[in-house]
Amino acid sequence: MDALFLKVVDLITQARKRVATAVNVAEVYTKYHIGQYIVEYEQKGETRAEYGKAVLKELSFRLNKQFYKGWSVDTLEKCRTLYFLYRNSETLLRKSIHENKSATLSRISGLDENDNHCLSNSTPTFTLSWSHYLILMRIENPDARRFYEIECTEQQWSVRQLGRQVGSCLYERLALSRNKDEVMRLAQEGQTIEKPSDIIKNPVTLEFLGLKPDAAYSESKLENAIINKMQQFLLELGKGFLFEARQKRFTFDEQHFFVDLVFYNRLLQCYVLIDLKIDKLTHQDLGQMQMYVNYYDRYVKQDFEKPTIGILLCREKNDALVELTLPKDVNIYAAAYQLYLPNKALLQAKVKEWIEEFEENEESKKLELNE
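The structure contained in this document is the topic of the report that follows. Just so it is clear, the model here is predicted, and its values are computed rather than measured.

A word on the sheet that holds strand β4 (residues 270–277)
Okay, so step 1: The strand order β1-β6-β5-β4-β3-β2 describes an open sheet built from 6 strands, whose pairing is mixed. Edge positions in the sheet fall to β1 (204–205) and β2 (241–252), since each of these pairs with one other strand and no more.
Okay, so step 2: Sheet topology note: the β2/strand β3 (residues 255–265) ladder contains 10 bridges and is antiparallel. Paired with Phe252 across the strands is Gln255, a residue of β3.
Okay, so step 3: Strand contacts of helix α11 (residues 230–237): β1, β2, β3, β4 and β5 (309–314), with the helix running at about 70° to β3, the strand carrying the most contacts.

Looking at helix α14 (residues 344–370)
Structural remark: α-helix, 3.6 residues per turn; residues separated by three or four positions point the same way.
Okay, so step 1: Over its 27 residues, α14 extends 39 Å from the first C-alpha to the last, a length consistent with the 39 Å expected when each residue adds 1.5 Å.
Okay, so step 2: All buried positions along α14 are accounted for by Leu347, Val351, Ile355 and Phe358.
Okay, so step 3: Next to the buried residues of α14 lie α8 (170–175) and α9 (180–189).
Okay, so step 4: The N-terminus of α14 is capped by Asn343, whose side-chain oxygen sits 3.1 Å from the backbone nitrogen of Ala345.

Examining unusual backbone geometry
Okay, so step 1: With an omega of -5°, the peptide bond running from Asn202 to Pro203 counts as cis.
Okay, so step 2: Its place among the elements puts Pro203 in the loop between α9 and β1.
Okay, so step 3: Although it is not a glycine, Asp253 adopts a positive phi angle of roughly 55°.
Okay, so step 4: Looking at the element boundaries, Asp253 is found in the loop between β2 and β3.

Notes on the pattern of salt bridges
Okay, so step 1: Following the criterion strictly, the structure yields 14 salt bridges and no others.
Okay, so step 2: Among the salt bridges present, the one from Glu27 reaches Lys31, with a minimum N-O distance of 2.8 Å. Placement of both Glu27 and Lys31 in helix α1 (residues 2–42) is noted, with a separation of 4 residues, approximately one turn of the helix.
Okay, so step 3: Taking the relative accessible area as the measure of exposure, Lys31 reaches 7% and is therefore buried.
Okay, so step 4: Its salt-bridge partner being Glu236, residue Arg164 comes within 2.6 Å of it at the nearest N-O pair. Taken together, the residues span a long stretch of sequence, with Arg164 in helix α7 (residues 159–167) and Glu236 in helix α11 at a distance of 72 residues.
Okay, so step 5: One network of salt bridges, in which partners are shared, links Arg164, Arg173, Glu207 and Glu236.

Thoughts on the nonpolar core
Okay, so step 1: In terms of nonpolar packing, the biggest core is built from 35 residues, with Leu82, Phe126, Tyr133, Leu136, Tyr148, Leu162 and Tyr171 touching the most fellow members.
Okay, so step 2: Counting residues per element, the ones that place at least two in this core are α1, α3 (73–86), α5 (130–136), α6 (142–155), α7, α8, α9 and α14.
Okay, so step 3: Element by element, the count of residues in this core is highest for α1, at 5 residues.
Okay, so step 4: In contact with Tyr148, other than residues within four places in its own chain, are Leu136, Ile139, Trp157, Leu162, Gln165, Val166, Cys169, Leu170, Tyr171 and Glu172.
Okay, so step 5: By size, the runner-up hydrophobic cluster in this structure holds 30 residues, among which are Val204, Met230, Cys270 and Ile309.

Quick look at the environment of Glu140
Okay, so step 1: Considering the arrangement of structural elements, one finds Glu140 in the loop between α5 and α6.
Okay, so step 2: A relative accessible area of 74% means that Glu140 is categorised as exposed.
Okay, so step 3: It is 9.6 Å that separates the C-alpha atoms of Glu140 and Leu85, two residues lying 55 residues apart in sequence.

As for the packing of aromatic side chains
Okay, so step 1: Applying the stated criterion to the full structure yields 19 aromatic pairs.
Okay, so step 2: Aromatic pair Phe147 and Tyr171: ring centres 5.6 Å apart, planes at 50°, arrangement tilted. Here Phe147, found in helix α6, pairs with Tyr171, found in helix α8; they are 24 residues apart in sequence, far enough to count as distant. Note on accessibility: Phe147 and Tyr171 belong to one class, buried.

Some remarks on the side chain of Gln338
Okay, so step 1: Summarising the element assignment, Gln338 is placed in strand β6 (residues 332–338).
Okay, so step 2: Gln338 gets classed as buried once you look at its relative accessible area, which sits at 19%.
Okay, so step 3: In this structure Gln338 touches Pro203, Val204, Thr205, Leu206 and Glu207, once residues within four positions along its chain are discounted.

Parameters at a glance
- Residues numbered from 1 in each chain as written.
- Predicted model: local features only at pLDDT ≥ 70, side-chain atom pairs only at ≥ 80, totals over all residues.
- Heavy atoms only, no water.
- Pairing = 2+ DSSP bridges.
- Helix = DSSP H or I, 4+ residues; strand = E, 2+ residues; numbered from the N terminus.
- Contact = heavy atoms within 4.5 Å.
- Axes fitted to C-alpha atoms, helices over the stretch in contact; angles between N-to-C directions.
- Expected span 1.5 Å × (residues − 1).
- Buried < 20%, exposed > 50% of the residue type's maximum accessible area, 1.4 Å probe, protein only.
- Polar contact = N/O pair within 3.5 Å; in protein donor to acceptor, adjacent residues only side chain to side chain.
- Salt bridge = Lys/Arg side-chain N within 4 Å of Asp/Glu carboxyl O.
- Core = buried A, V, L, I, M, F, W, Y, C linked by side-chain atoms within 4.5 Å.
- Phe/Tyr/Trp six-rings, centres within 6.5 Å; stacked < 30°, edge-to-face > 60°.

Everything listed here is a matter of geometry and, on its own, says nothing about what the molecule does.
If you want it as structure tokens, here you go:
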């Protein structure tokens, strides 16, 4: 009886989730088309209405009278913004999602398929709730906006999680951790995990730990804080991470060694070892991590698994020291962490600089080919 009860409960729960998702998505389509009507029927397609807010105030008054509440001038302005941002774009850039679009739109939003204005071929596909899009609409960079939309859909982030990732500049931190040629992929595909360097961020943001940046704390206190906030830490690490152990002990040559944190990444199919450092990174730290990685590769990992990755999470990373100390192509990385949210303007400026340089290089290549 208990097994039957649990199966039925699970079935009802999943059905309710699907209904809630359909309702949330239908709300976004409805508000997108409200914005479309406002712009195309009243503003004649112009970005700013010549008549100001008079029409929106009247529309808001009549809608609230008809539907009780929920249709303020601010909401109508956001509907208009949603339309402006998405009218010429495809939100997820996935061809399969766009199959049978017109039938889907008419079914979930209640629109007439004969209304060519609403069911035009340029209508984007929405997959998130209105609350998610309220956050996405505040992102000025369209590449960053597409990235967050893809990741939010694939990772099923809550509204709170999306807000945190945007606030912590996930897009900019990932972009700055990649080769310039790979930056453009973020907006097209989201975060792809194909090689060890794909899981590295610059920097790792740990503001959720509650530790004050200017206060003294030990490595054990930092580790305890991470363990207590493991769900948030896994979100910060990114896709595919599974937590296995803390202070994982192994014995070699009658000596005991302890790895601070051991994770497994199911996408890369390998162990990820993390050592925490609150002092300046040294070559001894790198040598110790190299020994940890070697041990796991030789005695722990299975034949079908990929080589182990080692990450030294430190206050200040030193790429030159890592490059000088370790052999080339080794799976060991130094990643700086911060106990506060990064300076968004500074990171955005750096990413813009990288993209401009990338575009200049692409233009130079085209000119060379044409010569």
